[in-house]
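Next come the chains, spelled out residue by residue.
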Amino acid sequence: MIYLCLAHMSDDGAEQKYVKEAFDTNWVVPMGPNVNGFEQDLADFSNKKTDGEMLDRKVVCLSAGTAAVHLALLACGVQAGDEVCVQSFTFCASSHPITYLGAKPVFIDSERDTWNMDPELLEKAIVERKEATGKYPKAIIPVALYGMPYDCEKIMAVANKYGIPVIEDAAEGMGSRFDGQVLGTFGRFGVLSFNGNKMITTSGGGALICQNAEDANNVMWYATQARDAYPYYEHTAIGYNYRMSNVCAGIGRGQMTVLDAHIAHHKHVQGLYKQLLKDVQGVSLHEQPADPRYDSNFWLCAATLDADVKIVGQENAYKEVIKSAVGGAAGVIKAVESATTDCQPNDNVEALRVFMLAKKVECRPVWKPMHKQPVYADAVAYVNGVSEEIFKVGFCLPAGPYVTDEDVHYIVECIKEAIVK
Ligand SMILES: *Cc1c(COP(=O)(O)O)cnc(C)c1O
C-alpha cells in the first residue's frame, strides 16, 4: 500500500540516540534537555530567511498542534462569546479549539489560486461582524492547506489594518515560505504539528512559534497548569497539561536532521506529478501561484477531477455504507446509517478513491469545508463557493518520504487506467 504520508525516520538512527539519552539520564518527563534542544532547533530553522537575514522568534513545544491552536487563542485573549475568523477549508483542528474557549468561529472561504483564506472576504467579515456585534473578531487563523502558503502580504495587511492578531496554522506548512520567510513567523503565533503524518513527526506533538519571549513564557505557563511562584501549588488562572514529553522531543531532534531532505522530497514528488499528469485530460494538479514569493512544501499533492470525466466503477459510487475506517484513517470512526451526505465529493472522485484503493494507493478526498460540517451548522460563514466546489472535485495523492519515483509513475498509470476512454 502506498500511503499519503507516513512517518519516516533518519537513516542513521538520530531519533533513537536522543530517545536513549532521555532514558539514560532519566528525563522521561514533559520537560528536559530534548525539549529545550528541539525548541532551539525549531527556532533556528524558523528564524533563518533565505536572504540570510535572521528573525528572533521563540518556540514552545507542546503535546499537539491542536493544543498549540488552543493556547495561541488563549494568549490572544479569546474568551467566551468572542468571535474568531478562521479559514473554512481546513482540518477541524484549526477551528475546534475556538469552541473549547466558548468562542465562535466565523468561517472564511478560500481564494481560487492558493485554496486558502480569501483576504477580501476576511476584510468583509471583519467589517460586518463589527457592525453586527459591536466588537471586532479577536483573532484570525489562516491555514497553509496541504502546505500551500496563504497570501501572507494581504492577510497580514488586513489584520494590521484592524489591529487583530494572526495565528498562522502552519501545521501542514512546516518549512513552506512566503518571500523567503518561513510560515508561522508572520503572525503573532505560528502553529506547527508533529503528528505521525506531518512533514516531521514526534509520534504526536506540536509547537507554537511566538513573536517574543513574553508570549513564549505566557504560553509555557499555561501549558504547565499555570502555576505561580510559591513553594506550594498556587493558581491564579486555569492552565493545561500541554507540554511536550522529553521522549517525544528526542524523536523531534532526530527528525530535524532530515527536515530539509523531507521538504526537498515532497517538492520533487510534486514536480514529477506535474510532469506526468500534464497529458492526463480532466485531471489538474493543484500548483502554487506563479508569483515567485510562494514556496510550498507540497506536504500532500492535491489535484482536481473534472466533473465530466467518467471513472471505472462510477455507477457503484456511494452505494455501500462504510463499515470500517477509510484508507489509512486511524482511531475510532462512528458508524453511520447512510452512505451519503448532502455535501460530498462527486461520484467520479469517490470512484477514483475506490479504484486506487484496489490498486493499493491511498487517494483521499480533500478536507470538507468547516462551514459545511453538521457540527458547525449554526456558525457564521462568509462564502464564495470556492472551497465547496473544490471539495466536490478535489483529491489528495501520496507524497511522503517513502513515495519513490517509481511509485509516482505507477500512481499516474493507475489514474489513467481509471479513466473511461
Ligand atoms: C494536523 C493539523 C493540526 C493539528 O495538529 P495535531 O498535532 O494533529 O493536533 C492543525 N491544523 C491543521 C490544518 C492540521 O492539518
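Residues numbered from 1 in each chain as written. Predicted model: local features only at pLDDT ≥ 70, side-chain atom pairs only at ≥ 80, totals over all residues. Heavy atoms only, no water.

**Q** An account of the overall build of the protein chain is requested, with residue identities and associated values reported.
**A** Counting its regular elements, the protein chain contains 12 helices and 15 strands. In summary, the protein chain has a C-alpha radius of gyration of 21 Å against a globular reference of 22 Å for 421 residues, a match within 12%. Taking the principal axes of the C-alpha coordinates as reference, the protein chain spans close to 75 × 60 × 50 Å. The burial tally for the protein chain puts 56% of its 421 residues in the buried class. (Helix = DSSP H or I, 4+ residues; strand = E, 2+ residues; numbered from the N terminus. Rg over C-alpha atoms; globule rule 2.2 N^0.38 Å. Buried < 20%, exposed > 50% of the residue type's maximum accessible area, 1.4 Å probe, protein only.)

**Q** For the packing of aromatic side chains, give the residues involved together with the corresponding values.
**A** Under the criterion given, the structure shown has 12 aromatic pairs. Ring pairing ties together the aromatic residues Phe91, Tyr146, Trp299 and Trp367, which thus form one cluster. The ring of tyrosine 136 has lysine 130 lying over it, and the distance from NZ or CZ to the ring centre is 5.4 Å. (Phe/Tyr/Trp six-rings, centres within 6.5 Å; stacked < 30°, edge-to-face > 60°. Lys NZ or Arg CZ within 6 Å of the ring centre and 35° of its normal.)

**Q** Tell me what's going on with the domain arrangement of the protein chain, and back it up with residues and numbers.
**A** Each assigned domain of the protein chain is listed here: domain 1 (14-258) and domain 2 (260-418). Just the C-alpha atoms count here: the centres of domain 1 and domain 2 sit 26 Å apart. Domain 1 puts 48 residues into the contact, and the matching count from domain 2 is 39 residues. For the domain 1 and domain 2 pair, buried surface summed over both sides reaches about 4,000 Å², with 60% attributable to carbon and sulfur atoms. Ranking the residues of domain 1 by area buried against domain 2 places Trp115, Tyr146 and Met199 at the top, with a combined share of 21%. Inspection of the domain 1/domain 2 interface yields two salt bridges. A salt bridge links glutamate 153 to arginine 293; the nearest nitrogen and oxygen atoms lie 2.8 Å apart. At the junction of domain 1 with domain 2, the criterion picks out 30 residue pairs in polar contact (both at pLDDT 80 or more). Among the elements that take part in the side of domain 1 that touches domain 2, helix H5 (residues 119-133) stands out by supplying five residues, more than any other. (Domains from an automatic or database assignment. Contact = heavy atoms within 4.5 Å. Buried area = accessible area lost by both parts, 1.4 Å probe. Salt bridge = Lys/Arg side-chain N within 4 Å of Asp/Glu carboxyl O. Polar contact = N/O pair within 3.5 Å; in protein donor to acceptor, adjacent residues only side chain to side chain.)

**Q** Explain the side chain of glutamate 15 residue by residue, including any values.
**A** With respect to the secondary-structure elements, glutamate 15 resides in helix H1 (residues 14-24). Buried glutamate 15, no salt bridge; nearest opposite-charge side chain is lysine 17, N-O distance 10 Å. There is a polar contact of 2.8 Å between the side chain of glutamate 15 and the side chain of serine 10. Not counting residues within four places of it along the chain, the set of residues in contact with glutamate 15 comprises Met9, Ser10, Gly250, Ile251, Gly254 and Gln255. (Lys, Arg positive; Asp, Glu negative; His and termini not counted.)

**Q** So what's going on with the sheet that holds strand E12 (residues 301-305)? Which residues, and what values?
**A** Spatial strand order, E10-E12-E15-E13: four strands in an open sheet with antiparallel pairing. Only two strands of the sheet have a single partner each, and these edge strands are strand E10 (283-285) and strand E13 (364-365). Sheet topology note: the E12/strand E15 (residues 394-397) ladder contains four bridges and is antiparallel. Following the sheet pairing, cysteine 301 is matched in E15 by leucine 397. Helix H9 (residues 259-277) rests against E10, E12 and E15 of the sheet, and its axis sits at about 150° to E10. (Pairing = 2+ DSSP bridges. Axes fitted to C-alpha atoms, helices over the stretch in contact; angles between N-to-C directions.)

**Q** Would you mind going over H5 in detail, with residue names and values included?
**A** Along its 15 residues, H5 runs 21 Å from first to last C-alpha, staying within 8% of the 21 Å computed at 1.5 Å per residue. What H5 keeps buried is the set Pro119, Leu121, Leu122, Ala125, Ile126 and Arg129. For H5, the arc enclosing every buried residue in end-on projection is 150°, short of the 170-degree limit, so these residues lie on one face. Turned more than 90 degrees away from the buried face of H5 sit Glu120 and Glu131, all of them exposed. (Expected span 1.5 Å × (residues − 1). Arc of directions from axis to C-beta.)

**Q** I'd like a description of the site of the ligand, backed by residues and values.
**A** With respect to spatial proximity, 15 residues lie near the ligand, and among them Thr66, Asp169, Glu172, Ser193 and Lys198 are the closest. Take aspartate 169: an N or O atom from its side chain is 2.7 Å from a nitrogen atom of the ligand. Between the ligand and glutamate 172 there is a distance of 2.5 Å, counted from an oxygen atom to a side-chain nitrogen or oxygen. The fraction of the free accessible surface of the ligand (380 Å²) that becomes covered by protein chains is 94%. (Near = heavy atom within 4 Å. Areas by Shrake-Rupley, 256 points an atom, 1.4 Å probe, with all protein chains shown as cover.)

**Q** Explain the sheet that holds strand E6 (residues 177-178) to me, using residue names and the numbers behind them.
**A** Taken together, the three strands give an open sheet; going across it, the order is E7-E6-E11, and neighbouring strands pair in antiparallel fashion. The open sheet has two free edges, formed respectively by strand E7 (181-182) and strand E11 (294-295), since each of these has just one partner strand. Examined bridge by bridge, E6 and E7 share two bridges and lie antiparallel to one another. Residue pairing across strands places phenylalanine 178 opposite glutamine 181, the latter belonging to E7.

**Q** Can you break down the pattern of salt bridges residue by residue, with the values?
**A** Counted according to the given criterion, the structure contains 21 salt bridges. Aspartate 215 is the salt-bridge partner of arginine 188, the closest N and O atoms lying 2.9 Å from each other. Here the residue arginine 188 occupies a position in the loop between E7 and strand E8 (189-193), and aspartate 215 occupies one in helix H7 (residues 213-223), the gap between them amounting to 27 residues. Look at arginine 188 and you get partly exposed, because its relative accessible area is 30%. When its relative accessible area of 8% is taken as the criterion, aspartate 215 is described as buried.

**Q** Before we move on, can you summarise the pairing of E8 with the specific residues and values?
**A** Sheet faces and side chains relate simply in a regular strand, where the side chains alternate between the two faces. With five of five residues buried, E8 is to be regarded as a mostly interior element. A two-sided burial pattern is seen for E8, the buried positions comprising Phe189, Val191 and Ser193 on one face and Gly190 and Leu192 on the other. Sheet topology note: the strand E5 (residues 167-169)/E8 ladder contains three bridges and is parallel. Residue pairing in the sheet places aspartate 169 in a bridge with valine 191 of E8. Two strands pair when backbone bridges link them, and E8 and strand E9 (residues 206-210) are joined in this way by five bridges, in the antiparallel orientation. Bridging across to E9, phenylalanine 189 finds its partner in cysteine 210.

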